[in-house]
Amino acid sequence: MREITRWLPGLAVTLLLCGAVLLWGHGSRPKPASPTLHDGPPLTLLWSRPIAGFRDAALSPQGELIALTNGPKGAVSLWHWRTQPNRPLWTHPATGASCVAVSAAGGSVVAWSALDPALSDFSIFRGTDGSTLSHRTLNGAVWDARLSADGCYAGVVTGSKLLYLYTLSDETYTTDDKRVHHWSLDGIGNSIAFPSTGSYLVSGTWDDSGVACYTPQGACLWQYPETAAARRLMANRLFFAQLSGNGRFVLGVSCVNVRQGDPVLYLWRTDGGGNPQWKTELGEDAFYPKAQITADGSFVAVSYLRQIVRGNQSLSQHRLRLLDSLGNTVWERGGLLFSPTLVALSPDGQRTIVSDGQRTLYALRQDGRILTSMPLPGLLRSTVLSADSHTLLVYTGDGTLSLFKLG
């Protein structure tokens, strides 16, 4: 009897695994879909090039320009993949730069070192020739930085609970330039996002946690949670905020600051008062969420890791969920035989691009069925989606940087 009792935990896990496989076979796994008259190629390779010492890359809003930082000491370069595919338009030294962004038409390129308290420099380069417009040492490590799509503003949030806003022009900046101003946030800025016109901005925070919407002058339009006491109750949670392409909706992702656990999704209207239109909890057994919203806010896709624990043993499943504009689940996929991680969501929500975590991208239709797959030249390391969601930049472990058009 003792021997049988000792075997029971392992037997339970085995039965759980078998049950999961059986469930998969009864409809959980997306089946390849037959093409229709409306099905174009979901992924078309536009450009590919080996990049040594890759650190980070960014796409301009329409995907025509690629900003890149690479090399052992850090250098920033700007590429126009169509007109000059084999060499950059310019390259400029940027010591320690690990992140980069580029505005529409390449008007400005910004570079910084992320989460490095010993290197809180923020640099702005003129897009036409790479000359330095501004180089500043900010107060606190840089947590996130973004350019507005129209190129009028650059926003930076730092670990000292400050938000810096640059008004961009072609003129050279000085250290006391009045076109750079800053204001205090209630928490540490964890993310920052602009609409296409730069008429306002949103920031997600940690430590005094939530999401807030500001004018370019720093006036708070709305904040969630509204009260300081409610924000302090969420002090252990990180808030990430992003905007839909039309600028009408804010997608928020909140998670505990350990393995990004217990994620919660929120959707706000930017012209609302801070009350979310809907809220969806993914569960305390969910970790590492990745979410995106369509251009019109009609769909949200999210992938995450679900941890299933039975006694002393556990297993992990990657899950992928598509939600509609009301927060209702349209479909959910993933499990033991398919491990989807969200890469891109098309502007209309008709295509969801996912990775298997290895060397393959999959395109799923709006009903969750696999349309096609695309092998990659190496292990997937990094992806960047353009603001208009039409182009996707992929860096793989063999040192190749590739640009795809999303159909």
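Residues numbered from 1 in each chain as written. Predicted model: local features only at pLDDT ≥ 70, side-chain atom pairs only at ≥ 80, totals over all residues. Heavy atoms only, no water.

Overview of the overall build of the chain
The test is simple: Helix and strand assignments follow DSSP, with helices taken as H or I runs no shorter than four residues and strands as E runs no shorter than two, numbered in order from the N terminus. Each residue gets one of three labels from its accessible area relative to the maximum for its type: buried under 20%, exposed over 50%, partly exposed in between, using a 1.4 Å probe on protein chains only. Pairs of residues are marked as contacts when any of their non-hydrogen atoms sit within 4.5 Å. The method behind every accessible area is Shrake-Rupley, applied with a 1.4 Å probe, and residues are considered shielded solely by the protein chains displayed.
Tallying secondary structure elements over the chain gives 2 helices and 32 strands in all. Taking all 407 residues of the chain together, 53% fall into the buried category. Within the chain, counting contacts between residues at least 6 apart in sequence, those at least 24 apart form 43% of the total. A total of about 18,200 Å² of accessible surface is found on the chain, and carbon and sulfur atoms cover 54% of it.

Description of the environment of aspartate 285
In plain terms, the rule: By the criterion applied in these results, polar contacts are pairs of N or O atoms within 3.5 Å in which, for protein atoms, one can donate a hydrogen and the other can accept it, and in which residues neighboring in sequence qualify only through two side-chain atoms.
Of note, aspartate 285 is situated in the loop between β21 (278-281) and β22 (286-293). Spatially, the C-alpha atom of aspartate 285 lies 9.1 Å from that of proline 263, the residues being 22 residues apart in sequence. If sequence neighbours within four positions are ignored, aspartate 285 has contacts with Leu305, Arg306 and Gln307. Among the polar contacts listed, one links the side chain of aspartate 285 to the side chain of arginine 306, at a separation of 2.4 Å.

Details of empty space enclosed by the protein
So the rule is basically this: Only protein atoms enter the 1 Å grid, on which a cavity is a set of points fitting a 1.4 Å probe that cannot get out and a pocket is an open set with protein on both sides within 12 Å along at least 5 of 7 lines, lining residues being those with an atom within 4 Å of a point. Grid points are joined across faces, edges and corners, and a volume is the space filled by probe spheres set on the points.
Inspection of every chain in the model, using the stated rule, returns 1 cavity of 30 Å³ or more. Estimates place the volume of the largest cavity at around 30 Å³. Residue lining of the largest cavity: Phe54, Ala57, Ser382, Thr383, Val384, Leu393, Val394, Tyr395 and Leu401, and that is the complete set. Looking at the lining of the largest cavity, the elements with two or more residues in it are β2 (54-59), β30 (380-385) and β31 (391-396).

Digging into the environment of arginine 319
Residue placement: arginine 319 occurs in strand β24 (residues 313-324). Classification of arginine 319 as buried rests on a relative accessible area of 16%. For the pair arginine 319 and glycine 334, spaced 15 residues apart in the sequence, the C-alpha separation amounts to 4.5 Å. Every residue in contact with arginine 319, bar those within four places of it in the chain, is listed here: Val302, Ser303, Tyr304, Arg306, Glu332, Arg333, Gly334, Gly335 and Pro340. Within polar-contact distance, the side chain of arginine 319 engages the side chain of glutamate 332 at 3.3 Å.

Structural notes on the pairing of strand β14 (residues 188-193)
Definition in use: A pair of strands counts as paired when DSSP detects no fewer than two bridges linking them.
Summarising burial for β14: 6 of the 6 residues are buried, a large majority. Judged from the 5 bridges that link them, β14 and strand β15 (residues 201-206) form a sheet pairing that is antiparallel. Its bridge partner lying in β15, glycine 189 is registered against threonine 205.

A few points about the nonpolar core
The condition is simple: The definition of a nonpolar core used throughout is a set of buried Ala, Val, Leu, Ile, Met, Phe, Trp, Tyr and Cys residues joined through side-chain atoms within 4.5 Å.
Counting residues in hydrophobic clusters, the biggest one holds 18 residues, and the most contacted among them are Val110, Trp112, Phe122, Val156 and Tyr166. For this core, the secondary-structure elements that each account for two or more residues are β6 (99-102), β7 (108-112), β8 (121-126), β10 (142-147), β11 (153-158) and β12 (162-167). Excluding its chain neighbours within four sequence positions, the residues that come into contact with valine 156 are Phe122, Leu138, Val142, Asp144, Ala145, Leu162, Leu163, Tyr164, Tyr166 and Ile192. In this structure, Ala193, Tyr200, Val202 and Trp268 belong to the second largest nonpolar core, which totals 15 residues.

Structural notes on the packing of aromatic side chains
What characterises a pair of aromatic rings is the spacing of the ring centres plus the angle enclosed by the ring planes. Our working definition: Pairing of aromatic rings covers Phe, Tyr and Trp, the last counted by its six-membered ring, and requires centre-to-centre distances within 6.5 Å; plane angles under 30 degrees mean stacked, over 60 mean edge-to-face, and any other angle means tilted.
Inspection of the entire model under this criterion finds 13 aromatic pairs. Relative to tyrosine 395, the ring of phenylalanine 54 lies with its centre 4.0 Å away and its plane at 15 degrees, an arrangement referred to as stacked. Of this pair, phenylalanine 54 sits in strand β2 while tyrosine 395 sits in strand β31, placing them 341 residues apart in sequence. Ring geometry for phenylalanine 122 versus tyrosine 166: centroids 5.2 Å apart, planes at 40 degrees, classification tilted. Taken together, the positions of phenylalanine 122 in strand β8 and tyrosine 166 in strand β12 put the pair 44 residues apart, joining distant regions of the chain.

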